[in-house]
Amino acid sequence: MISTESELPDERIIEDILAGKDGAFVQLVSRYKRKVFAMAARFARDRDDLDDICQDIFIKIYENLGKFRSDAPFEHWLSRIAIRTCYDALRKRRKERGHVPLDIVHYQIAAESGEELLVAEEARTLLEKGMSQLNPAERLVITLLELEEKSVREIAGLTGWSETNVKVRAFRARQKLKRILEKHHER
Amino acid sequence: MKDEKDEMLDELFRNARLMKPDTGSVEEHFETRLLAVMEEKRNDQAIWSSWTWRLVPWLAIFVVIVGIGSFTIDPVSSSDLFVTFTSSDDDYQITNMLAGG
């Protein structure tokens, strides 16, 4: 059976990139861009910001590809770089705390009825407002834990923080969100 | 133990999870944009690198001129290595005289 380029294992593509083939890098980007975009969209302010974050992620991947060791899956290595870049992006705009993301990134809705759709939309808007008031570490942890449904261990692996640290940050984030929502309901 | 507020928050997360970011339109032609940015970065680095190399001969000439200048303007008056280093010719002569050298 003849294997097509899209079936090439990641390790083979990486070898080609390290040998100087830009075409192989394009192939790697095409393979993982959906995953990277989906992750970065949780933290980006708008479409341009999302594009910038994703470009940063792939440039870091390209520049550090020589350091990748095949003892762990490439996807895991990529996710760690993606998460750290998103965290850096959150920290850079810490001064803009309280900023609510512009509604330029569209959403796919898994709701079945019109009512569910409205509730889901309201929940998303309310959470975005609340999360914009959290500090970068808390926002990162709560997004990964509650929206991406990652486990504490997975988050620890992705961020490089200890599991205890992740739990503490998640707890603080929840407490803050509860207070914010309480204030919102009082209005 | 979870209170009422925790349950409200969980409900909010459950509803928010129904909405997944749809990034399809932003992903279009991403590879082209990325390669353009990378090419630009490479060019910038190449310009800096070429300027650094171009400055090397001028730096070498400057070092030679400074070296020649320092020897012609303030030549070392003694061939004694210690004096050359300390530049204290007078002290050296006095010490020699007192020590009977």
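Residues numbered from 1 in each chain as written. Chains lettered and ligands numbered in written order. Predicted model: local features only at pLDDT ≥ 70, side-chain atom pairs only at ≥ 80, totals over all residues.

Caption draft 1: Region of interest: the overall build of chain B. Counting its secondary structure elements, chain B contains five helices and one strand. Along chain B, from the amino end to the carboxyl end, the secondary structure elements read α-β-α-α-α-α. For chain B, the proportion of its 101 residues judged to be buried stands at 9%. (Helix = DSSP H or I, 4+ residues; strand = E, 2+ residues; numbered from the N terminus. Buried ≥ 20, exposed ≤ 12 C-beta atoms within 10 Å, placed from the backbone.)

Caption draft 2: Structural detail: helix H5 (residues 114–131) of chain A. All names here are of chain A. For H5, spanning 18 residues, the distance from its first C-alpha to its last is 26 Å, which sits close to the expected 26 Å at 1.5 Å a residue. Within the span of H5, buried status applies to Ala120, Arg124, Leu127, Gly130 and Met131. Projection of H5 onto a plane perpendicular to its axis shows the buried side chains occupying an angular sector of 130°, all on one side. With respect to the buried face of H5, the exposed residues turned more than 90 degrees away are Gly114, Glu115 and Leu118. (Expected span 1.5 Å × (residues − 1). Arc of directions from axis to C-beta.)

Caption draft 3: Broad picture of the interface of chain B and chain A. Across the contact, 22 residues belong to chain B and 39 residues belong to chain A. For the side of chain B that touches chain A, the secondary structure elements donating two or more residues are helix H1 (4–16), strand E1 (19–22), helix H2 (24–27) and helix H3 (30–73) of chain B. Residue contributions to the side of chain B that touches chain A peak at seven residues, all from H1(B). Grouping the constituent residues of the side of chain B that touches chain A by class yields 14 nonpolar, two polar and six charged. (Contact = placed C-beta atoms within 7 Å. Nonpolar A, V, L, I, M, F, W, Y, C, P; charged D, E, K, R; others polar.)

Caption draft 4: Here's a closer look at the nonpolar core. Residues and elements named next belong to chain A. Ranked by size, the top nonpolar core spans 39 residues in total, and within it Ala40 and Cys86 carry the most contacts. Mapping this core onto the domain boundaries places at least three of its residues in each of domain 1 (7–96) and domain 2 (106–187). Once you skip the residues sitting within four places of it in the chain, Cys86 turns out to touch Met39, Ala40, Phe43 and Ile53. (Core = buried A, V, L, I, M, F, W, Y, C linked by C-beta atoms within 7 Å. Domains from an automatic or database assignment.)

Caption draft 5: Representation of the confidence of the model for chain B. Residue and element names in this part refer to chain B. Averaged over all residues, the pLDDT of chain B is 79; the fraction at 70 or higher stands at 77%. Ranking the elements of chain B by mean pLDDT puts helix H4 (residues 81–86) last with 60 and H2 first with 88. For this predicted complex, the interface confidence reaches an ipTM of 0.77, while the overall pTM sits at 0.73. (pLDDT = per-residue confidence, 0-100.)

Caption draft 6: Summary view of the environment of Thr143(A). Turning to its location among the elements, Thr143(A) is positioned in helix H6 (residues 136–147). Assessed through the 22 C-beta atoms surrounding it within 10 Å, Thr143(A) is described here as buried.

Caption draft 7: Inspection of unusual backbone geometry at higher detail. Positive phi outside glycine occurs at Glu149(A), with the angle close to 55°. Tracing the sequence through the fold places Glu149(A) in the loop between H6 and helix H7 (152–159). For Glu149(A), a count of 10 C-beta atoms within 10 Å corresponds to the exposed category. For His29(B), which is not a glycine, the phi torsion comes out positive at approximately 60°. Within the secondary structure, His29(B) is located in the loop between H2 and H3. A residue is classified by how many C-beta atoms lie within 10 Å of it, and His29(B), with 9 of them, is exposed.

Caption draft 8: Representation of the domain arrangement of chain A within the structure. Residue and element names in this part refer to chain A. Its domain assignment divides chain A into domain 1 (7–96) and domain 2 (106–187). Placing a centre on the C-alpha atoms of domain 1 and another on those of domain 2 gives a separation of 23 Å. Residue-level contacts link eight residues of domain 1 with seven residues of domain 2. Its residues assigned to classes, the side of domain 1 that touches domain 2 comprises three nonpolar, one polar and four charged.

Caption draft 9: Looking closely at the packing of H6(A) against helix H8 (residues 163–186) of chain A. Residues and elements named next belong to chain A. As a packed pair, H6 and H8 sit with axes 8 Å apart at the nearest point and diverge in direction by 95°. Between H6 and H8, the crossing angle belongs to the class labelled roughly perpendicular. Two secondary-structure elements touch here, H6 through Ala137, Glu138, Val141, Ile142 and Leu145 and H8 through Val166, Arg169, Ala170, Arg172, Ala173 and Lys176. Residue composition of the contact of H6 with H8, grouped by class: seven nonpolar, no polar and four charged. (Axes fitted to C-alpha atoms, helices over the stretch in contact; angles between N-to-C directions. Parallel < 35°, antiparallel > 145°, perpendicular 65-115°, else oblique.)

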